[in-house]
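Structural features, examined
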Amino acid sequence: MTESVLVDFVYCHPVGHAIEALQYCLGYKRADPRRRVGVVLNADTPAELAHWCADVDEVYTVDIDVFEPPEADVLAHIPRDWDWVFDDARGHQEWQREFFPGLGRYYELAGEHFRARRRHGVVGDGSAEYRPGERLRIEPPAAVPESGGVPQIAVLPAGSAERSLYPTLDSWVRILRAVRARFGEVRLRVLGKLTADGRTSTGFAAEEFTALAERVDGVRLDLDLPLAEQLALLRGCSMLLSPHTGFGFTALAVGTPWLVLAGNHWPEYYFNPGVPFYSVLPDIRRFPCYRPILGDGSLENPEPVEDEGPRSPSMCADRIESDLEELLDAAGLLLAGELDFEAAMTGHFRRLSALYVGRHERMYSVDGIHLNYLPG
């Protein structure tokens, strides 16, 4: 009899968490392709991504606010009976439940609602056959736009958090002018979402996008595109250049290399086998970041510095200037196709291990894929 697996991955709604969920669905499906695999996501997450993944059979959403207790019948529309139900582990971590009381209550309701014939556990707990580290593929229903043979770099200047956590307009002008100076007639496709529709939007103002296009040659603004068109555009680019953002996970899922101006709260923890990337890590002694992991565990940001107002140290102009050459060198490797996935992982974890001073137990990646690349 065909087994059924439900990945109940309800968490905060940024797009990167949907990619994490799909990676876990993929692991259960590849372990036994006969399985019926379903996923549950926050309704404000771009759940259409799951419809564009061939390894997911059923997609459900629930309307919750992670800060407010959900209605008692929030799961009434989702079938109760599955062979296996696997939750996002964050829904069972005490500090997450204290910070997000709506999330804690949701997983209590999920425990009451679902009837798992085999087990109700957390993703990757080892109770069901699972294949980690499989290549995730998202196939959006949109055509890749013609480039005319001109190399293209997608640029996302900010994620969805507060503006101070991303480089200033002047810093982005400095970065993109340097890219143009190094690589000539490359086309810069600047992405962003300004529409307020309940989903995440880009923490970069409309007037900043306009000024960027006016001040840097070769910039084309591609704002507020439907998600399928954004992903098709990404597929036509040689890389995505951005700070840490869940949208970078999505780039990897459509096969586009990701060049990361790393910093702030979290180092990169999602890697898609076969898709290269390069994470430009800051000098954390000069530009503090990764405080939840390398500091005192606090979720508060480091003390800001002055850079056109308060700025995250790892995103300030001095940090960007100090790492600009490395960023350009990495862009050159990705544009030339000279960095494969294995070399990317080996190099990244060598650099990250030095930053962590060898504290490998504090490192994390989806599927534990990093464990094969830690330096001896």
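These numbers were taken from a predicted model, which means no experiment stands behind them.

**Examining the pairing of strand β10 (residues 258-261)**
- Side chains Trp-258 and Val-260 of β10 all project onto a buried face; the interleaved residues Leu-259 and Leu-261 project onto the opposite face, where all are buried too.
- Two elements, strand β9 (residues 239-243) and β10, share four bridges in a ladder whose sense is parallel. Opposite Leu-241, over in β10, you have Leu-259 as the bridge partner.
- Where the polypeptide runs from β9 across helix α8 (residues 246-253) and back to β10, its parallel neighbour, the crossover connection is right-handed.
- Examined bridge by bridge, β10 and strand β11 (residues 277-280) share four bridges and lie parallel to one another. Note that in β11 the partner of Val-260 across the bridge is Ser-279.

**Remarks on the packing of aromatic side chains**
- Tallied over the entire structure, the rule returns 19 aromatic pairs.
- Relative to Phe-100, the ring of Phe-99 has its centre 4.9 Å away and its plane inclined at 80 degrees; by these criteria the two rings are edge-to-face.
- Judged by centre distance (5.5 Å) and plane angle (70 degrees), the ring pair of Phe-271 and Phe-349 falls under edge-to-face. With Phe-271 in the loop between β10 and β11 and Phe-349 in helix α11 (residues 341-355), this residue pair connects regions lying 78 residues apart in the sequence.
- For Phe-271, a relative accessible area of 3% puts it in the buried group.
- Chaining the aromatic ring pairs together yields one cluster made of Phe-9, Tyr-24, Tyr-28, Trp-84, Phe-86 and Tyr-130.
- Positioned above the aromatic ring of Trp-82, the side-chain terminus of Arg-36 is 4.6 Å from the ring centre.
- The ring of Tyr-11 carries Arg-90 above its face, with NZ or CZ at 4.1 Å from the centroid.

Parameters and conventions
Residues numbered from 1 in each chain as written. Predicted model: local features only at pLDDT ≥ 70, side-chain atom pairs only at ≥ 80, totals over all residues. Heavy atoms only, no water. Buried < 20%, exposed > 50% of the residue type's maximum accessible area, 1.4 Å probe, protein only. Helix = DSSP H or I, 4+ residues; strand = E, 2+ residues; numbered from the N terminus. Pairing = 2+ DSSP bridges. Right-handed = clockwise from strand over helix to strand, strands pointing away. Phe/Tyr/Trp six-rings, centres within 6.5 Å; stacked < 30°, edge-to-face > 60°. Lys NZ or Arg CZ within 6 Å of the ring centre and 35° of its normal.

By themselves, these are just geometric observations and shouldn't be taken as functional.
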